[in-house]
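The lines below spell out each chain.
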Amino acid sequence: MNPYRLYLVTDDQQDLETLKAVVTGAVAGGVTMVQVREKHGDVRAFIERAFAIKVILQGTGVPLIINDRVDVALAVDADGVHLGQSDMPADTARRLIGKDKLLGLSIENEQQLIDAESLPIDYVGLSAIFATPTKSNTKKEWGIEGLRNAVAKCSFPIVAIGGINASNLDAIIGTNVDGVALVSAICHAPSPKQATIDLLKKIG
Ligand SMILES: Cc1ncc(COP(=O)(O)OP(=O)(O)O)c(N)n1
Ligand SMILES: Cc1nc(C(=O)O)sc1CCOP(=O)(O)O
Ligand SMILES: [Mg+2]
């Protein structure tokens, strides 16, 4: 099974109960991977929230990925970590997490895409396909054609992220991308479970 198919990234603005309800609904709807992304709280709160999500994912087969922090990933024995270009270098992270954990890396330009080929990573997060209010400091908009070209060039699975929702999903899927990662289309939906089901129907 392709774990990147529908990749939920959590909303750090949501309180713990909402976060748990969103992830529970998304997993019931069939989401294939979950990343806990915390950008504001302290490391203790990050570990607490990550552990709460680990409990929900236990036994479901849905991998738990931690954004930014290798120490948090190790603390909760997550399935992997997602790093950006200014986070811990990929080779250092790989040394710390071991060969069996998943390692994702954000790619923000063509040169980084080329450089990634020699890195010990498992997948690329192509940042960003479209501008999004969820993350205001993205560097580039790849758009549909940029995504298509990246998919053709890159030897790693590519996850598209940034501004993806039901209205542009067909075009995204048409590029043969390996997966889509999203926040608001699931976290802010009236029913995260139904939103996940509807997104998966489109992904096919
Ligand atoms: C799947 C996925 N792709 C890209 C990102 C963005 O990571 P990064 O560039 O480090 O930015 P922050 O998310 O840390 O603000 C991601 N988190 N997940
Ligand atoms: C966490 C994240 N990383 C991005 C990147 O481009 O690197 S965009 C993003 C947020 C995506 O949220 P939404 O699905 O609501 O647009
Ligand atoms: Mg990061």
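Since we're looking at a predicted model, the values are computed, not measured.

About the thresholds
Residues numbered from 1 in each chain as written. Chains lettered and ligands numbered in written order. Predicted model: local features only at pLDDT ≥ 70, side-chain atom pairs only at ≥ 80, totals over all residues. UniProt positions renumbered as here; feature names shortened; annotations may be inferred. Helix = DSSP H or I, 4+ residues; strand = E, 2+ residues; numbered from the N terminus. Contact = placed C-beta atoms within 7 Å. Pairing = 2+ DSSP bridges. Axes fitted to C-alpha atoms, helices over the stretch in contact; angles between N-to-C directions. Buried ≥ 20, exposed ≤ 12 C-beta atoms within 10 Å, placed from the backbone. Right-handed = clockwise from strand over helix to strand, strands pointing away. Near = placed C-beta within 6 Å. Nonpolar A, V, L, I, M, F, W, Y, C, P; charged D, E, K, R; others polar.

**Student:** For this particular structure, what's the right way to read the UniProt feature "binding site: Mg(2+)" (unreviewed entry) in the protein chain?
**Tutor:** Mapped onto this numbering, the UniProt entry gives "binding site: Mg(2+)" (unreviewed entry) at Asp68 and Asp87. Spatially, the listed residues are clustered: although they cover 20 residues, their C-alpha atoms lie within 6.1 Å of one another. Relative to the elements of secondary structure, Asp68 occurs in the loop between strand 3 (64-67) and helix 3 (70-75). Setting aside anything within four residues of it in sequence, one finds Asp68 in contact with Leu83, Gly84 and Asp87. Position of Asp87 relative to the elements: it lies in the loop between strand 4 (80-83) and helix 4 (90-97).

**Student:** Is there a simple way to explain the sheet that holds strand 2 (residues 33-36) in this structure?
**Tutor:** By definition, the strands of a sheet pair up through backbone hydrogen bonds, in either a parallel or an antiparallel sense. On the basis of which strands lie adjacent, the closed barrel formed by eight strands has the order 1-2-3-4-5-6-7-8 and parallel pairing. Ignoring strand direction, the axes of neighbouring strands in this sheet form an average angle of 25°. With four bridges joining them, strand 6 (residues 123-127) and strand 7 (residues 158-161) adopt parallel strand pairing. Within the sheet, the bridge partner assigned to Leu126 lies in strand 7 and is Ala160.

**Student:** How should I be thinking about the pairing of strand 2 in this particular structure?
**Tutor:** Where a strand is regular, its side chains alternate between the two sheet faces. Residues of strand 2 alternate between two faces, with Met33 and Gln35 on one and Val34 and Val36 on the opposite face, all of them buried. The parallel pair strand 1 (residues 6-9) and strand 2, bridged by helix 1 (residues 16-29), forms a crossover whose chirality is right-handed. As defined by bridge partners, strand 2 adjoins strand 3 across three bridges and the pair is classed as parallel. In the strand pairing of strand 3, Gln35 is matched with Ile65. Each parallel crossover has a hand, and for strand 2 linked through helix 2 (residues 43-57) to strand 3 it is right-handed.

**Student:** Could you clarify how one ought to interpret the site of ligand 2 in this entry?
**Tutor:** By nearness alone, 17 residues border ligand 2, and Ser127, Ala128, Thr132, Thr134 and Ser184 come closest of all. The residue makeup of the shell around ligand 2, split by class, is seven nonpolar, eight polar and two charged.

**Student:** Please clarify how the pairing of strand 4 should be interpreted in this entry.
**Tutor:** Neither face of strand 4 is left uncovered, since the one carrying Gly80 and His82 and the one carrying Val81 and Leu83 both have all their residues buried. Bridge count for strand 3 against strand 4 is three bridges, and the pairing is parallel. Looking at the pairing, Ile65 lines up with Gly80 of strand 4. As for the winding sense of the linkage, the β-α-β connection from strand 3 through helix 3 to strand 4 is right-handed. Relative to strand 5 (residues 102-107), strand 4 runs parallel, the two sharing four bridges.

**Student:** So what exactly am I meant to see when it comes to the UniProt feature "domain: Thiamine phosphate synthase/TenI" (unreviewed entry) in the protein chain here?
**Tutor:** Feature annotation in UniProt assigns "domain: Thiamine phosphate synthase/TenI" (unreviewed entry) to the following positions: residues 6-186. Taken end to end, residues 6-186 has its terminal C-alpha atoms 10 Å apart, with 38% of it in helix and 19% in strand.

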